[in-house]
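A closer look at the structure
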Amino acid sequence: MAGDCIFCKISKGEIPAKKLYEDDELVAFWDTAPQAPIHFLVIPKKHLSGPAGTTAADDQLIGKVLRKGAELAAANGAADCRLVMNNGPEAGQTVFHLHMHVLGGRPMTWPPG
Ligand code: AMP
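The notes below deal with the structure included here. (Residues numbered from 1 in each chain as written. Predicted model: local features only at pLDDT ≥ 70, side-chain atom pairs only at ≥ 80, totals over all residues. Heavy atoms only, no water.)

Moving on, we come to the nonpolar core. Counting residues in each nonpolar core, the largest one holds 14 residues, and the members touching the most others are L26, A28, F40, V42, V65, M100 and V102. Secondary-structure elements contributing two or more residues to this core are strand 2 (26-30), strand 3 (38-44), helix 2 (59-75) and strand 5 (100-104). In terms of residues, this core owes the most to one element, helix 2, which gives four residues. F40 has contacts with L20, A28, F29, W30, D31, G69, L72, A73, M100, H101 and V102, leaving out every residue within four places of it along the chain. (Core = buried A, V, L, I, M, F, W, Y, C linked by side-chain atoms within 4.5 Å. Buried < 20%, exposed > 50% of the residue type's maximum accessible area, 1.4 Å probe, protein only. Helix = DSSP H or I, 4+ residues; strand = E, 2+ residues; numbered from the N terminus. Contact = heavy atoms within 4.5 Å.)

Here the focus is the sheet that holds strand 4 (residues 81-84). Pairing is antiparallel across the open sheet formed by five strands, whose spatial order is 1-2-3-5-4. Where the open sheet ends on each side, the last strands, each with one partner, are strand 1 (19-22) and strand 4. Averaged over all pairs of adjacent strands, the angle between strand axes in this sheet comes to 15 degrees, irrespective of strand direction. Looking at chain direction, strand 4 and strand 5 are connected through four bridges and run antiparallel. Looking across to strand 5, one finds that C81 is bridged to G104. Sheet strands touched by helix 2: strand 1, strand 2, strand 3, strand 4 and strand 5. Its angle to strand 3, the strand with the most contacts, is close to 155 degrees. (Pairing = 2+ DSSP bridges. Axes fitted to C-alpha atoms, helices over the stretch in contact; angles between N-to-C directions.)

The peptide bond linking W110 to P111 adopts the cis configuration, its omega dihedral lying at 5 degrees. The topology assignment puts P111 in the segment after strand 5.

Further remarks concern the environment of P51. Among the structural elements, P51 can be located in the loop between strand 3 and helix 2. What makes P51 partly exposed here is its relative accessible area of 27%. Along the primary structure P51 and V102 are separated by 51 residues, whereas in three dimensions their C-alpha atoms are 16 Å apart. Not counting chain neighbours up to four residues away, the residues in contact with P51 comprise M85, N86, N87 and L98.

It is worth spelling out the pattern of salt bridges at this point. All told, the structure shown has seven salt bridges when counted by the stated rule. Between K46 and D58 there is a salt bridge whose closest N-O contact spans 2.5 Å. With a gap of twelve residues between them, K46 in the loop between strand 3 and helix 2 and D58 in the loop between strand 3 and helix 2 connect regions that are remote in the sequence. Classification of K46 as partly exposed rests on a relative accessible area of 42%. The partner of R67 in a salt bridge is E71, and the shortest N-O contact between them spans 3.3 Å. (Salt bridge = Lys/Arg side-chain N within 4 Å of Asp/Glu carboxyl O.)

Turning our attention to the site of the ligand. If you check the shell around the ligand, you find 16 residues, and the closest are D31, N86, G92, T94 and H101. At a separation of 3.4 Å, a nitrogen atom of the ligand approaches a polar side-chain atom of T32. Here V95 contributes a backbone N or O atom positioned 3.0 Å from an oxygen atom of the ligand. Protein burial of the ligand: of its 500 Å² of free accessible surface, 82% is covered by the chains. (Near = heavy atom within 4 Å. Polar contact = N/O pair within 3.5 Å; in protein donor to acceptor, adjacent residues only side chain to side chain. Areas by Shrake-Rupley, 256 points an atom, 1.4 Å probe, with all protein chains shown as cover.)

Following this line, the structure appears as structure tokens:
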């Protein structure tokens, strides 16, 4: 846990979030600045700075983030969805605790901006 990490605080229940899923390893909560009708984040409770901050020891955990994100999207009416992890500031990462965006409920364009 990084002491000043907002997503660590959400996973520990120290600051509020509108959670849609939680287990011993993951939390999913609705994004406060949604970019689509369905927009939530899936995070591991373990503090990892982002995709580049993982090791092989995290492979199973990251696989679960992906699988659970798709599963929750379908359960919330967005079986077709976009799963995004921003890796580094130039890619748009602003919170340095690994998170996967799950976006759906509207047609998506490609390439992203
Ligand atoms: P990124 O730019 O990929 O690092 O994404 C960070 C995301 O976290 C953004 O979409 C923010 O809107 C979202 N966010 C930041 N703080 C919170 C919060 N307290 N609760 C829910 N979502 C948040």
